[in-house]
Amino acid sequence: MSIPSVKLNTGAEIPAVGYGTWQLKPEDAVKQVEYAIKEAGYRHIDCAFGYLNETSVGEGIRNSGVPRSELFITSKVWGTWHRKVEECLDMTLAALGTDYLDLYLMHWPIPLNPNGSHPLIPLRPDGKRDIDDAWDIKDTWKQLEALLKKGKVRAIGVSNFSQKTLEAFLPYVEITPAVDQLELHPYNPDHALVAYLESKGIVLQAYSPLGSTNSPLISDETVAKIAEKYSFTPADVLLGWHVAKGRVVIARSNTPSRIASNIKGAAAAAQALSKEDLATLDGIAAAGKQQRLVTPPWGIDLGFEHWPSQ
Ligand SMILES: NC(=O)c1ccc[n+]([C@@H]2O[C@H](COP(=O)([O-])OP(=O)(O)OC[C@H]3O[C@@H](n4cnc5c(N)ncnc54)[C@H](OP(=O)(O)O)[C@@H]3O)[C@@H](O)[C@H]2O)c1
């Protein structure tokens with residue numbers, strides 16, 4: 001099985017299909033990460049400090065027996081650590097049991113009060129999320145740039161950055177983000193943002209490509225019809241759509257058979273889907289299905305074309 005890779009603006013190659021670790025309970029993370037690497041053939045693991053399972057992900061990575069140099073590992077700095085990015089990274093490195101990351105992302109363009117009511121999701125007395133309004137994300141980015149120069153991370157990027165956020169950010173950065181990790185699937189294709197990122201040479205990483213937990217996408221009839229045509233599963237089609245378009249896709253499963261079929265199916269569907277199939281998938285949202293499926297209640301408008309009012 002050959003999994004395509006995508007070139008980052010650093011020159012490094014990132015495997016186009018990654019294994020996602022959000023919502024994996026620690027005990028599941030150990031065994032599923034080991035399975036994903038050792039049995040299913042993933043070489044790209046997507047982690048985050050905020051997922052609270054990096055120690056278990058690290059154990060799974062070590063148990064796989066695959067050398068660190070053959071793996072592409074991403075993690076993300078959480079909002080309450082924007083003022084102390086290196087400390088957050090050091091905790092991630094220790095938990096994962098590695099001395100460098102292949103890619104380090106700013107998880108959201110939202111700094112959170114580091115001394116608030118909760119270490120991850122601090123709330124104000126009115127119940128709203130406690131955003132650190134006095135902090136500028138450009139200063140968070142400067143710290144990521146410094147970590148890249150130090151060699152502790154080999155590429156840096158952003159996540160959940162809209163075109164509006166990027167336009168206010170890019171003119172002031174020294175190093176252009178290598179990626180933007182975004183919710184992207186046929187119900188939220190964000191065509192304009194995709195074109196903007198491509199024009200800047202920023203690689204798009206699609207998260208929640210299957211529509212996340214309890215997804216309506218897996219049973220979408222247009223996706224099912226395309227899948228039937230080739231004897232693929234709907235998941236194969238949803239993942240292959242991204243790979244065929246030269247993007248990186250990150251999928252999570254807690255079921256070994258799906259962990260294995262997702263990586264194989266993504267590669268096979270990317271090759272098999274016709275131009276017409278891709279165009280059909282591109283058009284599902286505009287035909288009345290537009291829907292974001294992961295929208296934390298930040299209480300602010302992040303500038304995306306589609307962002308539910310909060
Ligand atoms: N940067 C960010 O802010 C951000 C946000 C969200 C996610 N992410 C990253 O992206 C990754 C993927 O997104 P996600 O975890 O939200 O969800 P996802 O990968 O879109 O979907 C996961 C769900 O799909 C099910 N599933 C997996 N394979 C399937 C298959 N072949 N057929 C049917 N159902 C299947 C899983 O169920 P089972 O487990 O039962 O198989 C699970 O309920 C995350 O794990 C994380 O690494 C990043």
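Before reading on, note that the structure itself is shown above.
These lines cover the structure that appears in this document, whether it is placed above or below.

Reading the values: the criteria
Residues numbered from 1 in each chain as written. Predicted model: local features only at pLDDT ≥ 70, side-chain atom pairs only at ≥ 80, totals over all residues. Heavy atoms only, no water. Phe/Tyr/Trp six-rings, centres within 6.5 Å; stacked < 30°, edge-to-face > 60°. Buried < 20%, exposed > 50% of the residue type's maximum accessible area, 1.4 Å probe, protein only. Lys NZ or Arg CZ within 6 Å of the ring centre and 35° of its normal. Helix = DSSP H or I, 4+ residues; strand = E, 2+ residues; numbered from the N terminus. Pairing = 2+ DSSP bridges. Right-handed = clockwise from strand over helix to strand, strands pointing away. Lys, Arg positive; Asp, Glu negative; His and termini not counted. Salt bridge = Lys/Arg side-chain N within 4 Å of Asp/Glu carboxyl O. Axes fitted to C-alpha atoms, helices over the stretch in contact; angles between N-to-C directions. Near = heavy atom within 4 Å. Polar contact = N/O pair within 3.5 Å; in protein donor to acceptor, adjacent residues only side chain to side chain. Areas by Shrake-Rupley, 256 points an atom, 1.4 Å probe, with all protein chains shown as cover. 1 Å grid on protein atoms, 1.4 Å probe; cavity = no way out; pocket = protein on both sides within 12 Å on 5 of 7 lines; lining within 4 Å. Sits in = over half its atoms within 2 Å of the grid points. Nonpolar A, V, L, I, M, F, W, Y, C, P; charged D, E, K, R; others polar.

1. Things to note about the packing of aromatic side chains
Inspection of every chain in the model, using the stated rule, returns ten aromatic pairs. Ring plane angle 75° and centroid distance 5.2 Å describe the contact between Phe161 and Phe169, whose orientation is recorded as edge-to-face. On the basis of relative accessible area, Phe161 is assigned to the buried category, the value being 0%. In this structure Phe169 comes out as buried when scored by relative accessible area, which is 1%. Through successive ring pairs, a cluster of aromatic residues spans Trp78, Trp108, Trp298, Phe304 and Trp307. The ring centre of Trp298 lies 4.6 Å from the NZ or CZ of Arg129, which sits over that ring. The positively charged end of Lys138 is found above the aromatic ring belonging to Tyr172, 5.0 Å away from the centroid.

2. Here we look at the pairing of strand S7 (residues 156-159)
Residues Ile156 and Val158 point to one face of S7 and Gly157 and Ser159 to the other, with burial holding for every one of them. Pairing of strand S6 (residues 103-106) with S7, which is carried by three bridges, proceeds in the parallel orientation. Its bridge partner lying in S7, Leu105 is registered against Gly157. Two strands pair when backbone bridges link them, and S7 and strand S8 (residues 179-183) are joined in this way by two bridges, in the parallel orientation. The partner of Val158 across the bridge, within S8, is Asp180. With helix H5 (residues 163-169) bridging S7 and its parallel neighbour S8, the resulting β-α-β unit is right-handed.

3. With respect to the side chain of Arg247
Looking at the element boundaries, Arg247 is found in the loop between helix H8 (234-244) and strand S10 (248-251). In this structure Arg247 is buried but unpaired, with Glu198 as the nearest side chain of opposite charge at 5.3 Å.

4. Quick notes on the sheet that holds strand S4 (residues 44-46)
Here eight strands make up a closed barrel; going around it, the order is S3-S4-S5-S6-S7-S8-S9-S10 and the pairing parallel. Shown here is a sheet whose adjacent strand axes are inclined to one another by a mean of 25°, direction ignored.

5. Notes on the site of the ligand
Close contacts around the ligand come from 28 residues, with Asp46, Ser212, Arg252, Ser253 and Asn254 the closest. The side chain of Gln181 places a nitrogen or oxygen atom 3.0 Å from a nitrogen atom of the ligand. Burial of the ligand by the protein chains amounts to 90% of its free accessible area of 900 Å². The cavity that encloses the ligand is the largest pocket. Elements with a minimum of two residues in the shell around the ligand: S10 and helix H9 (256-272). When its residues are assigned to classes, the shell around the ligand shows ten nonpolar, 14 polar and four charged.

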